[in-house]
Amino acid sequence: IVTSGLKLGQGMFLGLSSPSILKHVARHIPSGGSGRTVVSKPTPTPAPKPQTPKPTPSKASPLPTTGTTALTAAEIREAQGILNELGFNTGSVDGKAGSQTESAMKAFQRNRGVTQDGKLTKAMLEKLRSVKREREKASQAARPAVKPVTLPVPVVPEKTAPASDRIREIWRYSEGRGFSCARLSPDGLTVFLGTYNSNGFFDTLTGEQKGTQLTESDPRYYPPKEKVVGVDDAVFSPDGRLVVALNGGSVSLHDVASGRMIRRFNEIGVVKSVAFSPDGRTVLTGNAGGTISLWDIRKESPIQVFKEKEKFRVVRGVRRRIADQNAMLSVKFSPDGLLFVSATGNGRTAIVWDIRTGRELMSLSHTRAVSSAVFSPDGRTVLTVDDRNAFLWDLSSGKMLRTFKHKELLYEASFSPDGNFILTRGWEFAARLWNVRTGKEELTISGHESPLQAASFTSDGRRILTASSDGTAILWELLPQ
């Protein structure tokens with residue numbers, strides 16, 4: 001029985017594992033003695049004690065390396081501006097990291113041999129700043145001499161017969177390309193002439209070209225090389241040491257002595273007009289989208305932005321927004337720098353602004369598009385130009401004082417330094433001199449074969465500069481009466 005019980009038990013031990021069956025078998029098998037098998041109650045295995053994981057040294061969380069969440073809109077604009085300066089086109093400098101900005105970033109990263117993820121991060125912004133500093137340092141240390149573009153020798157008449165008893169030609173400069181702008185320095189000793197792909201400074205006494213030209217760094221080379229830039233318009237600073245140049249809708253600040261670009265202003269939109277403040281510390285720009293920006297010349301981003309209020313006109317009983325009303329074709333400071341006036345193109349208005357508060361103080365309405373507006377030297381009146389006429393306005397009352405009627409399309413008008421005369425230019429091939437007090441034309445200044453691109457007085461009021469799209473610039477002297 002024991003043996004069979006053993007076998008049975010062994011079979012049961014081997015074949016069954018239920019605890020109740022094990023207990024039943026154990027009661028039939030005696031314990032103790034040699035040759036006997038003892039089946040004991042199985043000892044339960046204790047549950048394992050929970051183990052506390054050993055602490056591992058924590059690592060510092062890394063800074064974000066993807067996305068743009070780490071950058072503010074101002075930082076993104078800064079990065080876009082640097083990318084554009086380095087030759088990687090981001091499109092608009094708007095503070096938004098769109099697809100074009102991402103493509104420009106990838107191109108920069110490929111150029112620098114880093115991971116091409118196209119993301120604007122803190123690390124990438126520092127990299128951009130570093131590259132910009134390196135290029136500026138290399139440009140200053142190894143700046144090659146800029147060779148002026150070869151231009152024809154000015155034609156200075158040996159005998160300058162007077163065009164009338166009021167004016168005579170002092171010198172004439174001619175070249176094959178039409179001029180886009182002509183500006184006189186504040187001291188009257190230098191003329192700046194610009195074309196779509198070149199520029200130059202000239203001595204008003206001799207008519208000879210000086211060696212300096214406005215340039216910018218060419219991003220296709222490293223270290224950068226300087227290239228001569230085309231200029232659509234330009235304005236001297238009051239001290240004559242700086243020039244703000246307008247080229248293809250972008251604005252840049254240049255040193256007159258060297259011609260090199262100091263900085264480019266990160267304007268959003270196509271710039272149509274530019275002006276220096278009387279103290280030379282700030283610059284105004286007006287763009288085609290209706291925005292006027294005030295810039296500190298030491299910074300690349302605007303310090304204040306002005307926007308004209310939307311205007312509407314009722315057409316056949318329907319209220320419609322005036323199209324293109326906000327194209328700022330002209331911006332000019334008042335003599336004290338506290339006000340400025342803007343010409344709004346098809347908006348048919350000239351607006352006087354308070355530069356400290358940004359408020360519109362006065363709106364001067366016209367029946368045609370307004371292309372030019374400027375303060376008188378004493379700051380008491382404003383001279384505006386529409387398609388056909390020039391108008392003189394009293395600032396204290398907002399009333400029109402006088403009209404200067406033109407036969408042809410009119411573009412621009414300016415005051416003489418003493419405020420007694422105005423000079424107008426337009427589609428015709430001549431400039432006209434008007435008496436402010438009487439409103440009558442006193443002199444027609446002709447000598448060009450195409451419409452004028454510029455007409456202005458020297459600072460002493462004794463000479464007049466005219467430049468035309470026929471490729472000629474002429475300096476005239478007003479003769480004493």
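For the structure itself, consult the block above.
Analysis parameters
- Residues numbered from 1 in each chain as written.
- Predicted model: local features only at pLDDT ≥ 70, side-chain atom pairs only at ≥ 80, totals over all residues.
- Heavy atoms only, no water.
- Pairing = 2+ DSSP bridges.
- Helix = DSSP H or I, 4+ residues; strand = E, 2+ residues; numbered from the N terminus.
- Axes fitted to C-alpha atoms, helices over the stretch in contact; angles between N-to-C directions.
- Expected span 1.5 Å × (residues − 1).
- Buried < 20%, exposed > 50% of the residue type's maximum accessible area, 1.4 Å probe, protein only.
- Arc of directions from axis to C-beta.

**Q** Help me understand the sheet that holds strand 28 (residues 441-446) in this model?
**A** Strand-to-strand pairing in sheets goes through backbone hydrogen bonds, with the strands running parallel or antiparallel. With respect to topology, four strands assemble into an open sheet ordered 25-26-27-28, the strand pairing being antiparallel. Two strands in the sheet have a free side with no partner beyond their single neighbour: strand 25 (410-415) and strand 28. Each strand axis lies, on average, 20 degrees off the axis of its neighbour in the sheet, ignoring direction.

**Q** So what exactly am I meant to see when it comes to the sheet that holds strand 7 (residues 233-236) here?
**A** The strand order across the open sheet formed by four strands is 7-8-9-10, and the pairing between neighbours is antiparallel. Whereas interior strands pair on both sides, the edge strands pair on one side only; in this sheet they are strand 7 and strand 10 (261-265). On average, each strand axis in the sheet is tilted by 20 degrees relative to the strand beside it, whichever way the strands run. Bridge count for strand 8 (residues 242-247) against strand 9 (residues 250-255) is six bridges, and the pairing is antiparallel. Paired with Asn-247 across the strands is Ser-250, a residue of strand 9.

**Q** Sorry, what's going on with helix 3 (residues 73-85) here?
**A** Along its 13 residues, helix 3 runs 18 Å from first to last C-alpha, staying within 8% of the 18 Å computed at 1.5 Å per residue. Residues of helix 3 that are buried include every one of Glu-75, Ile-76, Ala-79, Gln-80, Gly-81, Ile-82 and Leu-83, and no others.

**Q** I'm lost on the pairing of strand 30 (residues 463-468) in this one. Help?
**A** One face of the sheet, then the other: side chains in a regular strand alternate in exactly this way. The buried fraction of strand 30 amounts to six of the six residues, a majority that puts the element mostly inside the structure. Residues of strand 30 alternate between two faces, with Arg-463, Leu-465 and Ala-467 on one and Ile-464, Thr-466 and Ser-468 on the opposite face, all of them buried. In this sheet, strand 30 lies alongside strand 29 (residues 452-457) in antiparallel orientation, the contact comprising five bridges. By the bridge assignment for strand 30, Ser-456 is matched with Leu-465. Linking strand 29 back to strand 30 in an antiparallel pair, the connection comprises five residues, with Gly-461 at a positive phi of about 75 degrees. Pairing of strand 30 with strand 31 (residues 472-478) involves five bridges; the strand directions are antiparallel. Pairing of Thr-466 across the sheet is with Ile-474, part of strand 31. Between strand 30 and strand 31, which pair antiparallel and follow one another directly, the connecting turn spans three residues, one of which, Gly-471, has a positive phi of 90 degrees.

**Q** I would appreciate a short explanation of helix 4 (residues 99-112) in the present structure.
**A** In an α-helix, one turn spans 3.6 residues; hence positions three or four apart end up facing the same way. Look at helix 4: 20 Å from first C-alpha to last across 14 residues, which is about the 20 Å you get at 1.5 Å a residue. Taken as a whole, helix 4 has its buried residues at Thr-101, Ala-104, Met-105, Phe-108 and Gln-109. Across the axial projection of helix 4, the buried residues extend over an arc of 140 degrees, all falling on one side. For helix 4, the exposed residues set more than 90 degrees away from the buried face come down to Ser-99 and Arg-110. With its phi angle positive at about 75 degrees, Gly-113 sits one or two positions after the end of helix 4.

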